[in-house]
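Read off the chains here:
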Amino acid sequence: VKGVGKAVFDAEGTAIRFSGTLQDITEDRTIQLRKDEFISVASHELKTPITSLNASMQILQKLVKTEEVSDKIRLFVGKAGNNLNKLVHLLDDLLNVTKLQQGQLALNKTRFNLGDLINDSCEHLGQEDSYPIYITGEPDVMVYADYRRIDQVLVNLVNNAIKYSPQSKKVDISYGRDNGMAVVHVQDYGIGINPEKLPHLFDRYYRVDGLGHQFSGLGLGLYISAEIIKRHDGQISVDSVWGNGSTFSFTLPLD
Ligand code: ADP
């Protein structure tokens, strides 16, 4: 049971009175476990056909480059490839949730320059929607971390920054050192987040309600990002002004 209110304790520290509201969260927990189970089975079933489709698509994309084909074919192969990419990312999120649940998300750590990762990763982000991404940072911020996983966190945060900013057209990224840790900030000037919702943002399947169907998603990106950062002994946090944008930050131990 989850409660919001005030408890009154006796001299021995036993709660004797409570005023406020109580909510049975057993049901929430059961629903979450059912979702986990469904996702585990569904993602497993989707993996084989999508992997095979992806392999064929890569051959097709190579052929379109080397063979003589009409513009129409080139256009549709391009479109199919982009959409398949989105599908592969969605499936990846689903598979990651199961791996995290089962403690099977292994980290493959190496030493690398955080600024290089950010610059490489952002080169192809935001282009499709022509969002400028401004990057500023300190030189030689070296970390010992899983390059691919940290890239995944950054891509999640930047894609959210773009997705939840339909009006504004810019994302700022800054990185450096703070209190003996490496730190990255991803700032957007979009819709922002209602302060009441902030405590739930990193929960799995959580999506801010009341936004309508304007923004698609599974409510998994921030949960996965937070788990990846936690497993690196770093911290992830968010600062937001409702209506004026959000800044997501994460830290990593310096090498
Ligand atoms: P998804 O985007 O798939 O719904 P996430 O786990 O990435 O899932 O995010 C959870 C929720 O947090 C989103 O549904 C959205 O309501 C909110 N959110 C995340 N990033 C931002 C952002 N940059 N600006 C405003 N809201 C955000």
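The structure presented is a predicted model; accordingly, all values stated were derived computationally and were not measured.

Caption draft 1: Representation of the site of the ligand in the model. In the neighbourhood of the ligand, 21 residues make up the surrounding shell, with Asn160, Tyr164, Asp188, Arg207 and Leu222 lying closest. Between the ligand and Lys163, the relevant distance is 3.0 Å, taken from an oxygen atom to a side-chain nitrogen or oxygen of the residue. Leu222 has a polar backbone atom sitting 2.8 Å from an oxygen atom of the ligand. Contact with the protein chains hides 97% of the accessible area of the ligand, taken as 530 Å² for the molecule alone.

Caption draft 2: Up close: the nonpolar core. Membership of the largest hydrophobic core comes to 45 residues, with the highest contact counts inside it found for Leu114, Ile118, Ile150, Ile173, Val184, Val186 and Phe250. Looking at which element gives the most residues to this core, the answer is helix H4 (residues 147–163), with seven residues.

Caption draft 3: Representation of the packing of helix H2 (residues 71–101) against helix H5 (residues 221–231) in the model. Two numbers describe how H2 lies on H5: the axes approach to 10 Å, and their chain directions differ by 45°. Taken together, the axes of H2 and H5 are oblique relative to one another. Like other packed secondary-structure pairs, H2 and H5 cross with a definite hand, here left-handed. Note on element contacts: H5 touches H2 through Tyr223, Ile224, Glu227 and Arg231, opposite Asp93, Asn96, Val97, Leu100 and Gln101. A class-by-class count of the residues in the contact of H2 with H5 yields four nonpolar, two polar and three charged.

Caption draft 4: Structural view of the packing of aromatic side chains. Summed over all chains, the structure comprises three aromatic pairs. When the ring of Phe112 is compared with that of Tyr147, the centres are 5.0 Å apart and the planes differ by 70°; the resulting orientation is edge-to-face. Taken together, the positions of Phe112 in strand S3 (residues 110–113) and Tyr147 in helix H4 put the pair 35 residues apart, joining distant regions of the chain. Take Tyr147: its relative accessible area is 32%, and that puts it in the partly exposed class. With centroids separated by 4.9 Å and ring planes inclined at 45°, the aromatic side chains of Tyr164 and Phe215 adopt a geometry described as tilted. Taken together, the residues span a long stretch of sequence, with Tyr164 in the loop between H4 and strand S6 (171–178) and Phe215 in the loop between strand S7 (181–188) and H5 at a distance of 51 residues. Taking the relative accessible area as the measure of exposure, Tyr164 reaches 21% and is therefore partly exposed. According to the relative accessible area criterion, Phe215 is buried, its value standing at 8%.

Caption draft 5: Inspection of the sheet that holds strand S8 (residues 236–241) at higher detail. In spatial order, the strands read S4-S6-S7-S9-S8; together these five strands make up an open sheet with mixed pairing. Lying at the two open borders of the sheet, with one neighbouring strand each, are strand S4 (133–137) and S8. Each strand of the sheet is rotated relative to its neighbour by a mean of 15°, with strand direction disregarded. Across five bridges, S4 lies against S6 in parallel orientation. In the strand pairing of S6, Ile133 is matched with Val171. Relative to the sheet, H4 contacts S4, S6, S7 and strand S9 (245–253), its axis offset from that of S7 by approximately 25°. In the packing of H5 onto the sheet, contacts are made with S8 and S9, and the angle to S9 comes to roughly 25°.

Caption draft 6: Broad picture of H2. Taking 1.5 Å per residue, 31 residues should reach 45 Å; H2 reaches 45 Å between its end C-alpha atoms and fits that length. Among the residues of H2, Val77, Gly81, Leu84, Leu91, Asp93, Leu94, Leu95, Asn96, Val97, Thr98 and Leu100 are the ones counted as buried. As for H2, its buried residues are in contact with helix H1 (26–66), H4 and H5. Looking at the residues trailing H2, positive phi occurs at Gly103, about 65°.

Parameters at a glance
- What you see as residue numbers is a count from 1 along each chain, following the sequence as written.
- At least 70 in pLDDT is required for a residue's local features to be given in this predicted model, at least 80 for side-chain atom pairs to be given and counted, and no such filter applies to totals for whole chains, interfaces and linings, which use all residues.
- The basis for every side-chain value is the complete set of non-hydrogen atoms in the structure, without hydrogens or water.
- In these notes, residues near a molecule or strand are those with any non-hydrogen atom within 4 Å of it.
- N or O atoms closer than or at 3.5 Å make up a polar contact, with two conditions inside protein: a donor-capable atom paired with an acceptor-capable one, and, for residues adjacent in sequence, both atoms drawn from side chains.
- Each accessible area is a Shrake-Rupley result for a 1.4 Å probe, and residues are judged covered by the shown protein chains and nothing else.
- Side-chain atoms within 4.5 Å are what join buried Ala, Val, Leu, Ile, Met, Phe, Trp, Tyr and Cys residues into a set we call a nonpolar core.
- Summary of the burial criterion: residues with accessible area below 20% of their type's maximum are buried, those above 50% are exposed, and those between are partly exposed, where the area comes from a 1.4 Å probe applied to protein chains only.
- In DSSP terms, a helix is any run of H or I states spanning at least four residues, a strand is any run of E spanning at least two, and both are numbered starting from the N terminus.
- Working convention: axes come from line fits to C-alpha atoms, limited for helices to the stretch in contact. Angles between N-to-C directions cover 0 to 180 degrees.
- Here the angle decides the label: under 35 degrees means roughly parallel, over 145 means roughly antiparallel, 65 to 115 means roughly perpendicular, and every other value means oblique.
- By definition, turning the near helix anticlockwise from the far helix through less than a right angle yields a left-handed crossing, and turning it clockwise yields a right-handed one.
- It only takes one pair of heavy atoms within 4.5 Å for two residues to be counted as in contact.
- Ten residue types, Ala, Val, Leu, Ile, Met, Phe, Trp, Tyr, Cys and Pro, are classed as nonpolar, four, Asp, Glu, Lys and Arg, as charged, and the remainder, Gly among them, as polar.
- A pair of Phe, Tyr and Trp rings is counted when the ring centres sit within 6.5 Å of each other, with Trp represented by its six-membered ring. The angle between the planes then sorts it: under 30 degrees is stacked, over 60 is edge-to-face, the rest tilted.
- Strand pairing is defined by DSSP finding a minimum of two bridges between the two strands.
- Each helix should span, by expectation, one fewer than its residue count multiplied by 1.5 Å.

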